[in-house]
Amino acid sequence: AQIEAQRAAEQTKVADPATAPAQGTAAPATAEAVAGDVSLDAAMAQDQRVAFDTPHLKGSINLKGGRFDDVVLKEYRETVDKTSPNIHLLVPSPVASGYFAEIGYTGVAALGSLPGPDTVWTADAGATLSVEKPVTLTFVNDKGLTFKREIKVDADYLFTVTDSVTNGTAADAALSPYGRITRYQKPLGTSVYVLHEGAIGYHETAGLQEINFTDLEEDKEVKPAKGSNGWLGFTDKYWAAALVPAANTEYQARFSRFEDGRPRYQVDYLSDPLTLKAGETKTVETNLFAGAKEVDIINKYLDEKKFTRFDLMIDWGWFYFLTKPMFYLMDWLNKLFGNFGLAILATTVVVKLIFFPLANKSYVSMAHMKTAQPKMLEIKEKYADDRQKQQQAMLELYKTEKINPIAGCWPVLLQIPVFFALYKVIYVTIEMRHAPFYGWIHDLSAPDPTSIFNLFGLLPFAVPAFLLIGVWPLLMGITMFLQMRMNPTPPDPTQAAIFTWMPVIFTFMMATFPAGLIIYWAWNNFLSILQQGYIMKRNGAKIELWDNLVGMFKKKPATT
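None of the values given here were measured: they were computed from a predicted structure.

### Notes on the side chain of Asp 236
Alright, step 1. Within the secondary structure, Asp 236 sits in the loop between strand S14 (231-235) and strand S15 (239-244).
Alright, step 2. Asp 236 has contacts with Arg 183, Pro 187, Glu 197 and Lys 293, leaving out every residue within four places of it along the chain.

Below you can see the structure in the form of structure tokens.
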């Protein structure tokens, strides 16, 4: 009943989290009164702030509410253009794209006003936050509770908030720490099934929680079991904001969508009550990650800060056992060559070498099958009327000639998870974002920007997205076509049609894929052509490529 009454009050005014019961089941869902149509500059000027500047971040902390609502990523821009604005990750709530983090306390009304969204903290005049210099905020409430908040920031993307709470009253005080991250808009762009964007969290009891924005809109609230030693926040494709509650302290996490007042998404937690005797002081440490999901930095917080399974912040996918090693290989090669495109080419060679024994057996078996074609035709003619004897004779021929009829499928089947893992690496990891290759490829994580339909930019008109068939997709289609023509054309007309049109279909299908993936596929096809040609020649099998190409242009005999 208390919770329902609180929510009803939130629909009419900004609620004070201090009115929530200390034994509440979740952090307060504080509604925002403003409409979200305020400019960024106007929102920044509304309240006093403490500025910060680090190697990776710049921005300010709002003294009203002690909010982290102004975080800019200094090394990342919105587009490939070097003059485009930096990524503004956290934004003040009055702005339409408001996105902020807040740490506070709830308790019974007798404790007075506790730190919440309306609390105005006090900082030393001219205080600024840097890696070398923390700042201290102070708030003394009307009942004698004193809060001192020390904020530190590291050289990467982590803020550490240490609250020192002193009970200056004559009675015991019980108050519950809470933290919340609120945002008013979804990430820009189209949601893709291979990547999770939305609410995310982990703790030892509930494990990994991934709730996308659509699910939040439908379910309104998701509350996993209480737990400890975890984290929760929002993850976008390349960025994330996550709160890490105090270690070894149980808390109730919640993932919500609120429609009252101004619609918003929220992740929050409410820790078990902190009890202070009269005159006692206790501290609570909370961490806030707000930045780019760089693999090395995420792993550093996992190892050094002991943030439980913080590596799950990056969506490695089902084939993580392939995706992660492939990323580390490509990252190492990128540092070696100084270019991610060259790293992709080198990774393709490494993958080819790993699968060489299997591919070699496959191509050898295919070569043997070609040399045995006359014998296979004899068997079909000899046992044309006896299907069983024909199959028995074929199996005997396979055994004699060392032919494995399904050997040709294995390299293709095994390449599917490898291809998908590479797609995940190129699409998901921020290290690939805006990574250039040579020539016109300025971003390997984006599609090839050229198109054959305007002669690759020579004609002065824009081409619709579905017609963006660039140079690299064409090279991929050509190499795929040549690879398929290394084998005889199937005698069945339907199979022959599929054989002919498959490269064209794949060219259109994959033209919108990241350029890095297309470069991998084209280079892989080229290496496969060389490998297959060498093995076939070594085993005395005829290479059908030239005859198949010539046959395409020969005049077909008239049918009667």
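### Things to note about the confidence of the model for the protein chain
Interpretation of this model should avoid reading the predicted coordinates in detail wherever pLDDT is low.
Alright, step 1. This prediction gives the protein chain a mean pLDDT of 85; 84% of its residues lie at or above 70.
Alright, step 2. Between the elements of the protein chain, mean pLDDT differs from a low of 37, seen in helix H1 (residues 2-10), to a high of 98, seen in S15.
Alright, step 3. Note that residues 1-25 has pLDDT below 50 and, in this model, 50 contacts with residues that lie over four places away or in other chains.

### Side note on the nonpolar core
Alright, step 1. Ranked by internal contacts, the top residues of the largest apolar core, which has 113 residues, are Phe 68, Phe 147, Ile 151, Phe 159, Ile 181, Trp 239 and Leu 444.
Alright, step 2. Per element, the largest residue contribution to this core is 9 residues, and it comes from helix H10 (residues 409-428).
Alright, step 3. Grouped together as the second largest cluster of nonpolar side chains are 6 residues, Met 376, Ala 393, Met 394 and Leu 397 included.

### Regarding the pairing of S15
Alright, step 1. With 6 of its 6 residues buried, S15 lies for the most part within the structure.
Alright, step 2. Taking every second residue as pointing to the same face, both faces of S15 are buried, with Trp 239, Ala 241 and Leu 243 on one and Ala 240, Ala 242 and Val 244 on the other.
Alright, step 3. Bridge count between S14 and S15: 4 bridges; the pairing is antiparallel. Looking across to S15, one finds that Gly 233 is bridged to Ala 242.
Alright, step 4. Connecting S14 to the antiparallel partner S15 that follows it, the hairpin turn spans 3 residues.
Alright, step 5. One ladder, built from 6 bridges, connects S15 with strand S19 (residues 281-292); its direction is antiparallel.

### Concerning the pairing of S19
Alright, step 1. Both strand S9 (residues 158-167) and S19 contribute to a ladder of 9 bridges, which runs antiparallel. Looking at S19, one finds that Ser 164 is bridged to Thr 283.

### Brief notes about empty space enclosed by the protein
Alright, step 1. What the rule picks out here adds up to 2 cavities of 30 Å³ or more.
Alright, step 2. Of the voids in this model, the largest cavity is the one considered here, and its volume is about 40 Å³.
Alright, step 3. What lines the largest cavity is Gly 201, Tyr 202, His 203, Ala 206, Gly 207, Gln 209, Pro 224, Trp 231, Leu 232, Tyr 251, Ala 253 and Phe 255.
Alright, step 4. Secondary-structure elements contributing two or more residues to the lining of the largest cavity are strand S11 (198-203), strand S12 (207-212), S14 and strand S16 (251-258).
Alright, step 5. Among the residues making up the lining of the largest cavity, the classes are represented as 8 nonpolar, 4 polar and no charged.
Alright, step 6. Approximately 30 Å³ is the volume attributed to the second largest cavity.
Alright, step 7. Considering the residues around the second largest cavity, the lining is formed by Ile 103, Tyr 105, Val 161, Asp 163, Pro 177, Val 284 and Thr 286.
Alright, step 8. Elements with a minimum of two residues in the lining of the second largest cavity: strand S5 (99-106), S9 and S19.

### Notes on the packing of aromatic side chains
Alright, step 1. Under the defined criterion, the tally for this structure stands at 31 aromatic pairs.
Alright, step 2. Between the aromatic rings of Phe 289 and Tyr 301, the centroid separation amounts to 6.0 Å while the plane-to-plane angle is 75°, which identifies the pairing as edge-to-face. Placement of Phe 289 in strand S19 and of Tyr 301 in helix H4 (residues 295-303) is noted, with a sequence separation of 12 residues between them.
Alright, step 3. Tyr 301 gets classed as buried once you look at its relative accessible area, which sits at 1%.
Alright, step 4. On the basis of an interplanar angle of 55° and a centroid distance of 6.4 Å, the ring pair of Tyr 520 and Trp 521 is categorised as tilted. The burial state of Tyr 520 is the same as that of Trp 521; both residues are buried.
Alright, step 5. The rings of Phe 319, Tyr 320, Phe 321, Phe 420, Tyr 423, Tyr 427 and Phe 513 are connected pair by pair, giving a single aromatic cluster.
Alright, step 6. Looking at Arg 257, its charged tip hangs above the ring of Tyr 265, at a distance of 4.4 Å from the centre.

Definitions and cut-offs
- Residues numbered from 1 in each chain as written.
- Predicted model: local features only at pLDDT ≥ 70, side-chain atom pairs only at ≥ 80, totals over all residues.
- Heavy atoms only, no water.
- Helix = DSSP H or I, 4+ residues; strand = E, 2+ residues; numbered from the N terminus.
- Contact = heavy atoms within 4.5 Å.
- pLDDT = per-residue confidence, 0-100.
- Core = buried A, V, L, I, M, F, W, Y, C linked by side-chain atoms within 4.5 Å.
- Buried < 20%, exposed > 50% of the residue type's maximum accessible area, 1.4 Å probe, protein only.
- Pairing = 2+ DSSP bridges.
- 1 Å grid on protein atoms, 1.4 Å probe; cavity = no way out; pocket = protein on both sides within 12 Å on 5 of 7 lines; lining within 4 Å.
- Points joined across faces, edges and corners; volume = space filled by probe spheres on them.
- Nonpolar A, V, L, I, M, F, W, Y, C, P; charged D, E, K, R; others polar.
- Phe/Tyr/Trp six-rings, centres within 6.5 Å; stacked < 30°, edge-to-face > 60°.
- Lys NZ or Arg CZ within 6 Å of the ring centre and 35° of its normal.

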